[in-house]
There are 2 protein chains.
Amino acid sequence: MQRMTRQRAAVVEVLADSEEFRTAQELHDMVRGQGHSVGLATVYRTMQAMVSAGEVDVLRNAEGEAMYRRCERTEHHHHLLCRDCGRTEEIDAALVEQWAESVGRAHRFSNIEHTAELFGTCADCAADEDS
Amino acid sequence: MQRMTRQRAAVVEVLADSEEFRTAQELHDMVRGQGHSVGLATVYRTMQAMVSAGEVDVLRNAEGEAMYRRCERTEHHHHLLCRDCGRTEEIDAALVEQWAESVGRAHRFSNIEHTAELFGTCADCAADEDS
DNA sequence: TTATCTGCAAACATTTTGCAGCGAG
DNA sequence: CTCGCTGCAAAATGTTTGCAGATAA
């Protein structure tokens, strides 16, 4: 059902080497930078597959572009994203989970899902702005 | 420096009537639904202007589209949406606000903003599904 | 062998921009 | 009268899709 092709391997490899979220274009450049030749569409298709397989996290940057990163925790979690440099930190969101559940129950809603992301300026970027 | 035209007035009006975040397309439809004729590009240009003037908040939905809402001086709130009938309930989000603040502080991020929405099935729709 | 994957290019959706004319101040 | 604003259509992104050929299993 999921073939391991030369292209997929190359994409998975750069993804594994990358600590940060990357756009599809960045991944594409990185793959080609390593000498492999992979179509951009294939990068998108591979990311789609891995996202729905739960192997990759996806979020949107301020410009609305999708960014991907390998999942470190397969459980559902949230992110704190620096507006300026794009660095991300995973956050323990137990509180939000609880909150979502209890609010849902209070309103007699079932099957609660939620979205929650934090954006801010990280300490380094805040320092840079002073100059 | 900023002229008040018929078009701009129409956009500002629908924006003022709307409690929720709206895409540019939605605003465009709403304006035309009220009988005015305004170009889509004008909606975008008006939103750009109002965002940089700090009169409008902008965020990206899951599909990466920009959504706009008038800036509320008062504390912002979140919503619980029914997946089936679309009804929305306003929820007291004091807990999330606190959570966002404290998580940001813990990671030494400043200027924290956040997005958080809940989705579920309301009691009425859950009952309908049983039939 | 054969169902899936790939590359390419064309299709799409959203947003931006160039330009000639309109209109607020 | 003037310069900013508007509409339109064209361009610029970022992403998806159709299709014919390649290829993993």
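Look above for the structure.
Residues numbered from 1 in each chain as written. Chains lettered and ligands numbered in written order. Predicted model: local features only at pLDDT ≥ 70, side-chain atom pairs only at ≥ 80, totals over all residues. Heavy atoms only, no water.

Notes on the protein's contact with DNA strand C
In step 1: Not every one of the 23 residues close to DNA strand C is listed here, only the nearest: Arg 3 and Thr 42 of chain A together with Arg 3, Tyr 44 and Glu 65 of chain B.
In step 2: Sugar plus phosphate, as a fraction of atoms of DNA strand C within 4 Å of the protein: 64%.
In step 3: The separation between a phosphate oxygen of DNA strand C and a polar main-chain atom of Gly 39 of chain A is 2.9 Å.
In step 4: The backbone of Ala 66 of chain B places a nitrogen or oxygen atom 2.8 Å from a phosphate oxygen of DNA strand C.
In step 5: When contributions to the surface near DNA strand C are tallied by element, the ones reaching two or more residues are helix H1 (6–17) and helix H3 (40–52) of chain A together with helix H3 (40–52) of chain B.
In step 6: With 5 residues, H3 of chain B is the largest single contributor of residues to the surface near DNA strand C.
In step 7: Classifying every residue of the surface near DNA strand C gives 8 nonpolar, 8 polar and 7 charged. (Near = heavy atom within 4 Å. Polar contact = N/O pair within 3.5 Å; in protein donor to acceptor, adjacent residues only side chain to side chain. Helix = DSSP H or I, 4+ residues; strand = E, 2+ residues; numbered from the N terminus. Nonpolar A, V, L, I, M, F, W, Y, C, P; charged D, E, K, R; others polar.)

With respect to the protein's contact with DNA strand D
In step 1: Taken together, the neighbourhood of DNA strand D is formed by 22 residues, with Tyr 44, Glu 65 and Ala 66 of chain A together with Arg 3 and Thr 42 of chain B sitting nearest.
In step 2: Per the 4 Å cut-off to the protein, sugar and phosphate atoms form 68% of the nearby atoms of DNA strand D.
In step 3: Measuring from a base oxygen of DNA strand D, one finds a side-chain N or O atom of Arg 3 of chain B at 2.8 Å.
In step 4: A distance of 2.3 Å is found between a phosphate oxygen of DNA strand D and a side-chain nitrogen or oxygen belonging to Thr 42 of chain B.
In step 5: Secondary structure elements with two or more residues in the surface near DNA strand D: H3 of chain A together with helix H1 (6–17) and H3 of chain B.

Focus on the packing of H1 of chain A against H3 of chain A
When two helices pack together, their arrangement is captured by the angle between the axes and the distance separating the axes.
Residues and elements named next belong to chain A.
In step 1: It is the contact of H1 with H3, at a shortest axis distance of 10 Å, that shows an interaxial angle of 70°. As judged from the angle between their axes, H1 and H3 are roughly perpendicular. Note that H1 runs across H3; the crossing there is right-handed. Residue-level inspection shows Gln 7, Arg 8, Val 11, Val 12 and Leu 15 of H1 in contact with H3, the latter providing Thr 42, Val 43, Thr 46, Met 47, Ala 49 and Met 50.
In step 2: Looking at the contact of H1 with H3 residue by residue, the classes come out as 7 nonpolar, 3 polar and 1 charged. (Axes fitted to C-alpha atoms, helices over the stretch in contact; angles between N-to-C directions. Parallel < 35°, antiparallel > 145°, perpendicular 65-115°, else oblique. Left-handed = near helix turned anticlockwise from the far one by under 90°. Contact = heavy atoms within 4.5 Å.)

Section: H3 of chain A
All names here are of chain A.
In step 1: End to end, H3 covers 19 Å across 13 residues, agreeing with the expected 18 Å (1.5 Å per residue, within 8%).
In step 2: Within the sequence span of H3, burial applies to Val 43, Thr 46, Met 47 and Met 50. All buried residues of H3 project into a common sector of 100° when viewed along the axis, lining one side. Within H3, the exposed residues directed more than 90 degrees away from the buried face are Arg 45, Gln 48 and Ser 52.
In step 3: Where H3 is buried, its residues meet H1, helix H2 (24–33), strand S2 (56–60) and strand S3 (66–70).
In step 4: Within two residues after H3, Gly 54 carries a phi angle of roughly 75°, on the positive side. (Expected span 1.5 Å × (residues − 1). Buried < 20%, exposed > 50% of the residue type's maximum accessible area, 1.4 Å probe, protein only. Arc of directions from axis to C-beta.)

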